[in-house]
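Take a look at the letters that make up each chain.
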Amino acid sequence: CLARLETPRLADGYLPILETRYVDRRGVRYVQESFATRIVETRSLVSFVRLTAEAGAVGATVRFTASGPELEADGNRVGRGDDTHLLFGAGGSFDGSSVAFELPARERGTVYVAWLNSPSETESFAVDAARYEEARRSLVRYWNRRLAEGMNIVVPERLVRNAYRGLLVQ
């Protein structure tokens, strides 16, 4: 329901890190942040997702559904054969098509997943707060370094600066 979805935002107003906020019909609040980056464990681009849910009087199930037939889980890895499709953090369970995280009533929880944009061989790695923040910091450093290499336009309005930077990143 679009009425319960806040306007999506980019980190610092321009970085390619998307934050969305949503409240479902039962009052469960969700905050999701996601970005894509390169990591050493795979040749594929990896989309990291951090989703925080705050359940009210009812619990919540956060579910990430993988596409493709005959996927299997091996530890925190979901894939087919040697190809990894996604990795998930603690508390998740794979049911043959989705990774689900259960959140009891009146609790707040944060879950992490890493999707491979092109399923491929991947060294297993932990998908947790530390790894998420490491990947996020690396992405921020990369884009800020790239932006510093080019011409700079200085304007007093933060919104204009962010729009300019955002266009350069794109």
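Residues numbered from 1 in each chain as written. Predicted model: local features only at pLDDT ≥ 70, side-chain atom pairs only at ≥ 80, totals over all residues. Heavy atoms only, no water.

Undergrad: How would you sum up the overall build of the chain? Please name residues and give values.
TA: Of regular secondary structure, the chain possesses two helices and eleven strands. Mapped from its N terminus to its C terminus, the chain presents α and β elements in the order β-β-β-β-β-β-β-β-β-β-β-α-α. Taking the principal axes of its C-alpha atoms as reference, the chain extends roughly 50 × 40 × 25 Å. Relative to its full complement of 170 residues, the chain shows a buried share of 38%. For the chain, restricting intrachain contacts to residue pairs at least 6 apart in sequence, the fraction spanning at least 24 positions comes to 56%. With the model as given, the accessible surface of the chain reaches about 10200 Å², and the carbon-plus-sulfur share is 50%. Distance between charge centres in the chain, computed from 23 positive and 22 negative side chains, equals 8 Å. (Helix = DSSP H or I, 4+ residues; strand = E, 2+ residues; numbered from the N terminus. Buried < 20%, exposed > 50% of the residue type's maximum accessible area, 1.4 Å probe, protein only. Contact = heavy atoms within 4.5 Å. Areas by Shrake-Rupley, 256 points an atom, 1.4 Å probe, with all protein chains shown as cover. Lys, Arg positive; Asp, Glu negative; His and termini not counted. Charge placed at Lys NZ, Arg CZ, Asp CG, Glu CD.)

Undergrad: Quick one: what's the story with the sheet that holds strand E6 (residues 72-74), residue by residue and with numbers?
TA: Remark on secondary structure: sheet strands pair via backbone hydrogen bonds, oriented parallel or antiparallel. Pairing is antiparallel across the open sheet formed by eight strands, whose spatial order is E1-E2-E3-E4-E11-E8-E7-E6. Lying at the two open borders of the sheet, with one neighbouring strand each, are strand E1 (9-10) and E6. Two strands pair when backbone bridges link them, and strand E2 (residues 18-23) and strand E3 (residues 29-37) are joined in this way by six bridges, in the antiparallel orientation. Bridged to tyrosine 22 within E3 is tyrosine 30. Of the strands in this sheet, E3, strand E4 (46-54) and strand E11 (108-120) touch helix H1 (residues 129-149), which is tilted by about 55° from E3. (Pairing = 2+ DSSP bridges. Axes fitted to C-alpha atoms, helices over the stretch in contact; angles between N-to-C directions.)

Undergrad: Go over helix H2 (residues 158-169) with me, naming the residues and quoting the values.
TA: An ideal rise of 1.5 Å per residue puts 16 Å on twelve residues; H2 measures up with 16 Å between its terminal C-alpha atoms. Every buried residue of H2 is accounted for by Asn162, Gly166 and Val169. The buried residues of H2 occupy one face: seen down the axis, they fall within an arc of 60°. As for H2, its buried residues are in contact with H1. (Expected span 1.5 Å × (residues − 1). Arc of directions from axis to C-beta.)

Undergrad: Quick rundown of the packing of aromatic side chains? Include the residues and the values.
TA: A complete count under the given rule lists seven aromatic pairs for this structure. Here tyrosine 112 and tyrosine 132 contribute two aromatic rings whose centre-to-centre distance is 5.6 Å and whose plane-to-plane angle is 55°, an arrangement assigned as tilted. Of this pair, tyrosine 112 sits in strand E11 while tyrosine 132 is found in helix H1, placing the two residues 20 residues apart along the sequence. Every member of this aromatic cluster is reached through a ring pair, and the members are Phe35, Phe48, Tyr112, Phe125 and Tyr132. A cation over an aromatic ring shows up here: arginine 131 above the ring of phenylalanine 125, its NZ or CZ 4.7 Å from the ring centre. (Phe/Tyr/Trp six-rings, centres within 6.5 Å; stacked < 30°, edge-to-face > 60°. Lys NZ or Arg CZ within 6 Å of the ring centre and 35° of its normal.)

Undergrad: I'd love a proper account of the sheet that holds strand E9 (residues 93-94), names of residues and values included.
TA: An order of E5-E10-E9 is seen for the three strands of this open sheet, with the pairing classed as antiparallel. Strand pairing shows two members of the sheet lacking a second neighbour, strand E5 (60-65) and E9, which therefore form its edges. Bridging between E5 and strand E10 (residues 98-103) involves six bridges; their strand directions are antiparallel. Counted as the bridge partner of arginine 63 is alanine 100 from E10.

Undergrad: So what's going on with the pattern of salt bridges? Which residues, and what values?
TA: Inspection of the entire model under this criterion finds eleven salt bridges. Across the salt bridge formed by glutamate 19 and arginine 21, the nearest N and O atoms sit 3.1 Å from each other. One salt bridge in this structure joins glutamate 33 and arginine 136, with 2.8 Å as the shortest N-O distance. Of this pair, glutamate 33 sits in strand E3 while arginine 136 sits in helix H1, placing them 103 residues apart in sequence. Among the residues examined, glutamate 33 registers a relative accessible area of 6% and is labelled buried. (Salt bridge = Lys/Arg side-chain N within 4 Å of Asp/Glu carboxyl O.)

Bear in mind that shape data such as this cannot, by itself, settle questions of function.
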